[in-house]
Protein chains: 2
Amino acid sequence: MAKRQPGAFDTWELDAPQLQDRSAELWDHSYGPVARRLLTSATRCYASKGFQATTTRDISGGAGLSPAAMYVHFPSKEAILFEIARTAHVKALDDMRSPAQDDLVERIWHIVYRHVAWNARYHVAARVAQYELANLTPENYASIREIRRETNRVYRSIVADGVEDGVFVPIDIKRVVRGIIALAVDPVRWYRHSGTDSPEDLGEFYAGLALAMLTSTPPVPASRTEPSDPTQAGEPAR
Amino acid sequence: MAKRQPGAFDTWELDAPQLQDRSAELWDHSYGPVARRLLTSATRCYASKGFQATTTRDISGGAGLSPAAMYVHFPSKEAILFEIARTAHVKALDDMRSPAQDDLVERIWHIVYRHVAWNARYHVAARVAQYELANLTPENYASIREIRRETNRVYRSIVADGVEDGVFVPIDIKRVVRGIIALAVDPVRWYRHSGTDSPEDLGEFYAGLALAMLTSTPPVPASRTEPSDPTQAGEPAR
DNA sequence: GTCTATACGGCGATAGAC
DNA sequence: GTCTATCGCCGTATAGAC
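All of these numbers come straight from a predicted model, not from anything done at the bench.

Here we look at the UniProt feature "DNA-binding region" (unreviewed entry) in chain A
Right, on to step 1. Annotation from UniProt places "DNA-binding region" (unreviewed entry) at residues 55-74 of chain A.
Right, on to step 2. As annotated, residues 55-74 of chain A has a helix share of 70% and a strand share of 0%, and its two end C-alpha atoms lie 14 Å apart.

Regarding the UniProt feature "domain: HTH tetR-type" (unreviewed entry) in chain A
Right, on to step 1. Sequence positions flagged by UniProt for "domain: HTH tetR-type" (unreviewed entry) are, in local numbering, residues 32-92 of chain A.
Right, on to step 2. Secondary structure over residues 32-92 of chain A splits into 77% helix and 0% strand, and the C-alpha atoms at its two ends are 22 Å apart.

Let's talk about the protein's contact with DNA strand C
Right, on to step 1. Surveying the vicinity of DNA strand C reveals 16 residues, the closest of which are A:Ser66, A:Val72, A:His73, B:Thr56 and B:Tyr71.
Right, on to step 2. Taking the atoms of DNA strand C that fall within 4 Å of the protein, sugar and phosphate contribute 56% of them.
Right, on to step 3. Between DNA strand C and the protein, one listed contact pairs a phosphate oxygen with a side-chain N or O atom of B:Lys77 at 3.0 Å.
Right, on to step 4. When residues of the surface near DNA strand C are traced back to their parent elements, those giving at least two are helix 3 (67-73) of chain A together with helix 2 (56-62) and helix 3 (67-73) of chain B.
Right, on to step 5. With 4 residues, helix 3 of chain A is the single largest residue contributor to the surface near DNA strand C.
Right, on to step 6. The residue inventory of the surface near DNA strand C, partitioned by class, reads 7 nonpolar, 7 polar and 2 charged.

Regarding the protein's contact with DNA strand D
Right, on to step 1. Around DNA strand D sit 17 residues in total, of which A:Thr56, A:Arg57, B:Ser66, B:Val72 and B:His73 are the nearest.
Right, on to step 2. Sugar plus phosphate, as a fraction of atoms of DNA strand D within 4 Å of the protein: 61%.
Right, on to step 3. A distance of 2.7 Å is found between a phosphate oxygen of DNA strand D and a backbone nitrogen or oxygen belonging to A:Thr56.
Right, on to step 4. Those elements that place two or more of their residues in the surface near DNA strand D are helix 2 (56-62) and helix 3 of chain A together with helix 3 of chain B.
Right, on to step 5. Per element, the largest residue contribution to the surface near DNA strand D is 4 residues, and it comes from helix 3 of chain B.
Right, on to step 6. Its residues placed into classes, the surface near DNA strand D shows 7 nonpolar, 7 polar and 3 charged.

Definitions and limits used
- Residue indices follow the written sequence of each chain, beginning from 1 at its first position.
- Lettering of chains starts at A and numbering of ligands starts at 1, both following the order in which they are written.
- With the structure being a predicted model, the display of local features is reserved for residues of pLDDT at least 70 and the display and counting of side-chain atom pairs for 80 or more, all residues being used for whole-chain, interface and lining totals.
- As a convention, hydrogens and water are excluded, and side-chain values are obtained from all of the structure's heavy atoms.
- UniProt positions are given in the numbering used here, feature names are shortened, and annotations may be inferred rather than shown by experiment.
- Secondary structure is summarised from DSSP: a helix means a run of H or I of at least four residues, a strand means a run of E of at least two, and numbering begins at the N terminus for each.
- Proximity is defined per residue: any heavy atom of the residue falling within 4 Å of a molecule or strand makes that residue near it.
- Polar contact is defined as a pair of N or O atoms within 3.5 Å, subject to the rule that within protein one atom must be able to donate a hydrogen and the other to accept it, and that residues adjacent in sequence are counted only when both atoms are side-chain atoms.
- Residues are grouped as follows: nonpolar covers Ala, Val, Leu, Ile, Met, Phe, Trp, Tyr, Cys and Pro; charged covers Asp, Glu, Lys and Arg; every other residue, Gly included, is treated as polar.

The structure is reproduced here in structure tokens:
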């Protein structure tokens, strides 16, 4: 079987996730080395196979341990997921809000730039943090949700200021911010370190897109529009 | 417990997925009524709990059958997932490319508009189609991938024409298209029919964002930029 | 703190009557 | 084509020795 091409246009596979994966850098050092190895192994497993398809044997085996040893460090599979998601959300938020220029164009540019670059650099952990939330307990989900809410607030306050100042065009703030975040998060789905884009390249590109959305009033097509018909006939060939 | 709020800003929960869910309209009528009920039930289960967490008992029970009866209609749980993903991808593609105006601004506007509206209207099935692909066999995944590739081509050819004509600004075509599609797909994650936005409202909004990205050269911040430092010290409070 | 061994439950899928 | 019953397997998590 041929290896996946770098820069594949669209993919869900994550083979050989260990390649150039930087998740090992992320974990709090209040965890000992064995616990951190477990977190790294779990991150790779969850990212490539999903939480439910990952077994405790996968996780412990990836850290060079027996399944039973895992329970000395974490009370459950879900607790490991929570710690991964919590760490990724906190670190990404922390990273993206560090610089605080005055100019609103600079501020939004930098936030998108750093958010995207972080998501690309740590795409394995970030993917778990974005796509496995449904597997958390309600309490743990609520906790992550608070961090996500804060991320939203960071974006919204800048956009709101820009709209008020007239630096940005008048626009529905919640909706654009949701759009900008959707762009910033998308790389976790397909980014690979083996491709040609560096995390920073990508951050610059998406920051430009975000600014385009905030600073231009797009042309409105004249014909708008007979609503699309969901009951249309044409069945595809089977 | 309180019900989820309409228009929740960001969510992965999908409670009571049966509410106003329109997936039942989607299935090919070469399937009999029982098979279609199974597809609808499976769509709701996969969307709310994920493929791996869904049991054959969930699916069959939701269609009013015993687990064994399912196997008369489909050979496996995975075959049902494939049929859902295939149908959603084909119908969405089919819907979005039906109108064919000459004007390139109109064309991209309509494609995004219809793509977004479709994803919102059928968000339950579309969510399964977007988020459960990792659970397909390699062969079935490859088949879906072809449809996704075609979707990409549809977008790319319009954008390429527009850039060549000078209607759109010069821009990396693959990268913007990836961004536009990321925007168009994002609603499957959070859209609810109980919210205030109609699928068409949302389509108009995102079509505007896509045009903004294609028709404006955003301001470039002067200070660009000390690369973000991933090894920064500050640990979050635990 | 790590191991081996295992309890216990629930999973996907099948057998065979009707 | 649907049912009841069940097989065989493998999941998470625990017991208890070292």
